[in-house]
Amino acid sequence: FFSLPPNLIGPQALEAVRLGLVAPVLQEALKGIIVLLIAWRYRREFDNVLDGIIYGAMVGFGFAMTGNLISYVGSFLLWGFNGLHSTIILEGVIRGLDSALYTAVFGAGLGLGRLARQRWRRWVFPAGAFLLAVVVHALHNLLSYSLLGLNAITILSTVSGVILIVVVVVWSLKRQEQCLRTELKGLVPDAVYRAVIVPRERARVQWQALRRRGLRAWWRARRLHRLCTELAFKRMQSRLRPDETEIKTEMDRLQERVTSLSQGLPRR
């Protein structure tokens, strides 16, 4: 397609197709495959929307870092230090945020699919999130390179997307807190329950363990709180995905470890 004479459809149309269709689809598909591999390989650790956002954003940052490195080295080899001007550095930062944003959108869709009860939603949410990531990527490309260039509007569009992701993260954290409160109520000792659901109490318990009994006790308290969190998520997953029998086995194993570690913690 790109070997066709540009005047056949016009150079502007050719560039618009490249930036608005080909690049977004190819890049988001490549990054999406990596996120899917992570979600499949570590599916027992993939619990919710926040996990999807984190995995997606990290893949996006890695993709952008690789592209920036190639761009910066190429510019330096061709033009020396004059090639490393402020514009190319700023574009690298903006592209990094953009790339993380697009893949975080897809990751969030995977997280929603992970929490879905109906089987069809487990496919619709990720597919819809992928299409949304491609559309947002295409719009950013067309605004940045074809219509407006790098200016205040371009930067604002990127910042607004990052702000939206932050809002989703806050919402997901609230959902996680509610999950902990619901799933651990009456399942673990009251002192452990308070420490898990209240960050300040958790920090106090871990500090007391460190001050009174040393590093080993601190590590034990920290590990207990993390295992309680995992247990809460596994209990939620077992209800949402009763077909995954390995979740029940993992849940029983976590319950045993939590019971064992709950003994001997420092008290008030």
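Everything below is about the structure shown above.
A brief structural summary. As the structure is a prediction and not an experimental result, all values here were calculated from the model.

Moving on, we come to the overall build of the protein chain. Counting its regular elements, the protein chain contains ten helices and zero strands. Counting over 268 residues, the protein chain shows a buried share of 40%. Long-range contacts, defined as pairs at least 24 residues apart, comprise 71% of the intrachain contacts of the protein chain with a sequence gap of at least 6.

Right, let's talk about the environment of Thr103 for a bit. As for its position among the elements, Thr103 is in helix α4 (residues 86-115). When neighbours within four sequence positions are excluded, Thr103 is seen to be in contact with Glu28, Lys31, Val35, Gly56, Val59 and Gly60. Among the polar contacts listed, one links the side chain of Thr103 to the backbone oxygen of Ser99, at a separation of 3.0 Å.

A grouping of Leu69, Val73, Phe76, Leu77, Phe81 and Leu84 is seen on the molecular surface, where their side chains present a nonpolar patch of about 620 Å² in accessible area. Relative to the assigned elements, Phe81 resides in the loop between α3 (49-79) and α4.

Turning to the side chain of Gln176, a few remarks are in order. Residue placement: Gln176 occurs in helix α6 (residues 152-184). The contacts of Gln176, once residues within four sequence positions are left out, are Asn48, Leu50 and Phe233.

Looking now at the pattern of salt bridges. A complete count under the given rule lists eight salt bridges for this structure. It is possible to trace a salt-bridge network through shared partners that takes in Glu183, Arg235 and Arg239.

Right, let's talk about the nonpolar core for a bit. Counting residues in hydrophobic clusters, the biggest one holds 32 residues, and the most contacted among them are Leu184, Val188, Cys228 and Val258. Only α3, α4, α6, α7 (190-197), α9 (215-240) and α10 (245-262) provide two or more residues apiece to this core. Ranked by residue count, the leading element in this core is α9, at eight residues. Grouped together as the second largest cluster of nonpolar side chains are six residues, Ala39, Val59, Phe106 and Leu110 included.

Here Ile247 shows up in helix α10. A sequence separation of 203 residues divides Ile247 from Arg44, and the C-alpha atoms of the two residues are 7.7 Å apart. Look past the residues within four positions of Ile247 in its chain and what remains in contact with it is Arg114, Lys234, Gln237, Ser238 and Arg241.

A separate point is the packing of α7 against helix α8 (residues 199-213). With their axes 5 Å apart at the nearest point, α7 and α8 run at an angle of 120 degrees to one another. Between α7 and α8, the interaxial angle falls into the category oblique. Taken together, the residues of α8 that come into contact with α7 (itself represented by Arg194, Ala195, Val196 and Ile197) are Pro199, Glu201, Arg202 and Val205. Considering only residue class, the contact of α7 with α8 consists of five nonpolar, no polar and three charged.

A word on the packing of aromatic side chains. According to the stated counting rule, one finds two aromatic pairs in the structure shown. Consider the rings of Phe106 and Phe130, whose centres lie 6.1 Å apart with planes at 80 degrees: the pair is edge-to-face. On the criterion of sequence distance, the pair formed by Phe106 in helix α4 and Phe130 in helix α5 (residues 119-147) is long-range, its members being 24 residues apart. The lysine or arginine in question, Arg41, covers the ring of Tyr42, its NZ or CZ lying 5.0 Å from the ring centre.

Before going further, it helps to spend a moment on a positive patch on the surface. A surface patch of like charges, here positive, comprises Arg211, Arg212, Arg213, Arg216 and Arg220. Going through the elements one at a time, α8 and α9 are the ones with two or more residues in the positive patch. In terms of residue count, α8 provides more of the positive patch than any other element does, three residues in total. Residue Arg211 is classed as exposed on the basis of its relative accessible area of 51%.

Attention now goes to the environment of Ser71. On the secondary structure map, Ser71 appears in helix α3. Judged by its relative accessible area of 25%, Ser71 is partly exposed. As for Ser71 and Leu84, which are separated by 13 residues in sequence, their C-alpha atoms are 9.6 Å apart.

Following both chains from N to C, one finds α9 and α10 inclined at 150 degrees, their axes separated by 9 Å at the closest point. If you check the angle between α9 and α10, you find them roughly antiparallel. For α9 against α10, the interelement crossing comes out left-handed. Listed contacts from α10 to Arg220, Arg223, Leu224, Leu227, Cys228, Glu230, Leu231, Lys234, Arg235, Gln237 and Ser238 of α9 are Ile247, Glu250, Met251, Leu254, Gln255, Arg257, Val258, Ser260, Leu261 and Ser262. Its residues assigned to classes, the contact of α9 with α10 shows nine nonpolar, five polar and seven charged.

Rules behind the numbers
Residues numbered from 1 in each chain as written. Predicted model: local features only at pLDDT ≥ 70, side-chain atom pairs only at ≥ 80, totals over all residues. Heavy atoms only, no water. Helix = DSSP H or I, 4+ residues; strand = E, 2+ residues; numbered from the N terminus. Buried < 20%, exposed > 50% of the residue type's maximum accessible area, 1.4 Å probe, protein only. Contact = heavy atoms within 4.5 Å. Polar contact = N/O pair within 3.5 Å; in protein donor to acceptor, adjacent residues only side chain to side chain. Patch = residues over 30% accessible without salt bridge, like charges linked within 9 Å, V, L, I, M, F, W, Y side chains within 5 Å. Areas by Shrake-Rupley, 256 points an atom, 1.4 Å probe, with all protein chains shown as cover. Salt bridge = Lys/Arg side-chain N within 4 Å of Asp/Glu carboxyl O. Core = buried A, V, L, I, M, F, W, Y, C linked by side-chain atoms within 4.5 Å. Axes fitted to C-alpha atoms, helices over the stretch in contact; angles between N-to-C directions. Parallel < 35°, antiparallel > 145°, perpendicular 65-115°, else oblique. Nonpolar A, V, L, I, M, F, W, Y, C, P; charged D, E, K, R; others polar. Phe/Tyr/Trp six-rings, centres within 6.5 Å; stacked < 30°, edge-to-face > 60°. Lys NZ or Arg CZ within 6 Å of the ring centre and 35° of its normal. Lys, Arg positive; Asp, Glu negative; His and termini not counted. Charge placed at Lys NZ, Arg CZ, Asp CG, Glu CD. Left-handed = near helix turned anticlockwise from the far one by under 90°.

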